[in-house]
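# Observations on the three-dimensional arrangement
What follows is the residue order along each chain.
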Amino acid sequence: MKIVVVPDYRALSQKAAEMVLRVLSLKPDSVFALPTGNTPIGLYEELVKISDQEKADLSKIKAFALDEYVGVPPEDEHSFGFFLRQRLIDKIQLQDRFDHLRGNAIDLFRECSRYEEAIKAAGGIDMAILGLGVNGHIAFNEPGTPFASRTHVVDLAVTTRDSNTSYFPDGFCIPDRGISMGIGTILAARQIMVLANGKSKAKIVSDIVRLKPTTKIPATALKTHDSVMLIVDEEAASQLDNI
Ligand code: PGA
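Described in the following lines is the structure provided in the data block.

### Looking at the layout of surface pockets
Taken as a whole, the largest pocket holds about 460 Å³ of empty space. L132, H137, N164, Y167 and K201 are the residues nearest the centre of the largest pocket, which is lined by 28 residues in total. Of the residues forming the lining of the largest pocket, the biggest block, 4 residues, is contributed by helix α5 (residues 158-165). When the residues that make up the lining of the largest pocket are grouped by side-chain class, the tally is 11 nonpolar, 15 polar and 2 charged. Of the volumes computed, that of the second largest pocket is approximately 270 Å³. If you trace the second largest pocket, you find 15 residues lining it, with E77, F83, R87, Y167 and F168 closest to the centre.

Following this line, the structure appears as structure tokens:
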């Protein structure tokens, strides 16, 4: 795992955008897995800017959302699909090249298989971009998730529901289940880029760097992959020694 420490959130977002452009320069129709949350907002703003200023061609990208809440329809403003469309997809006109999990599917297990098939049909994921939960979750893969898991329905951890409450000042009640690419689905990506900023991520970042892979901390699974870049700002790196 390559660790890159940058001064602050702005630099993290710019570095992440630079890495996306690097992938696109080799393969303009690259397939990305995209996270929701506070962490990638700056990256998405950078990508929109790059697209608006025509500094790179983002029009051939194919994108898959990493996860979704169960029971929340895609048109609902609380859904992750909505978040990604609003922050990035609509702004760079990628609507026809974006797929996301339907949290309101009648048959969720079928939806999981559909997603795996869609990723396969797209040629697999070139770069999975991940945020990091304070408990080490990646996408909605909570502690205890097997490393070989594929897209599945998950029970959300209390810490995840608590953290995500802050996204919705309107009092939206966070569902207790999610649907998520599995750890195995993420590990099948050719490259993985993990982003973490702020003091709240310092402990988990240090745990991931120090500890051997363990299902107790899902992000440690990334240490079994040979092309992972972890980009952290100085606050998130504040508990790392000797790097
Ligand atoms: P955050 O969430 O980007 O809002 O910190 C990350 C996550 O829970 O995966």
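### Brief notes about the pattern of salt bridges
In total, this model carries 13 salt bridges according to the counting rule given. Across the pair R114 and E111 runs a salt bridge whose closest N-O atoms are separated by 2.9 Å. Here R114 and its partner E111 are both found in helix α4 (residues 108-121), 3 residues apart, which amounts to about one turn of the helix. Bridged by salt links that share partners, the residues D99, R102, E111 and R114 form one connected network.

### Remarks on the site of the ligand
In the region of the ligand, the neighbouring residues are G37, N38, T39, L132, G133, H137, Y167 and K201. In the model, an oxygen atom of the ligand is placed 2.4 Å from a nitrogen or oxygen of the T39 side chain. One of the side-chain N or O atoms of Y167 is found 2.5 Å from an oxygen atom in the ligand. Contact with the protein chains hides 84% of the accessible area of the ligand, taken as 280 Å² for the molecule alone. Here the ligand is seated within the largest pocket. In terms of residue class, the shell around the ligand is built from 2 nonpolar, 5 polar and 1 charged.

Here is what the cut-offs are and how they apply
Residues numbered from 1 in each chain as written. Predicted model: local features only at pLDDT ≥ 70, side-chain atom pairs only at ≥ 80, totals over all residues. Heavy atoms only, no water. 1 Å grid on protein atoms, 1.4 Å probe; cavity = no way out; pocket = protein on both sides within 12 Å on 5 of 7 lines; lining within 4 Å. Points joined across faces, edges and corners; volume = space filled by probe spheres on them. Helix = DSSP H or I, 4+ residues; strand = E, 2+ residues; numbered from the N terminus. Nonpolar A, V, L, I, M, F, W, Y, C, P; charged D, E, K, R; others polar. Salt bridge = Lys/Arg side-chain N within 4 Å of Asp/Glu carboxyl O. Near = heavy atom within 4 Å. Polar contact = N/O pair within 3.5 Å; in protein donor to acceptor, adjacent residues only side chain to side chain. Areas by Shrake-Rupley, 256 points an atom, 1.4 Å probe, with all protein chains shown as cover. Sits in = over half its atoms within 2 Å of the grid points.

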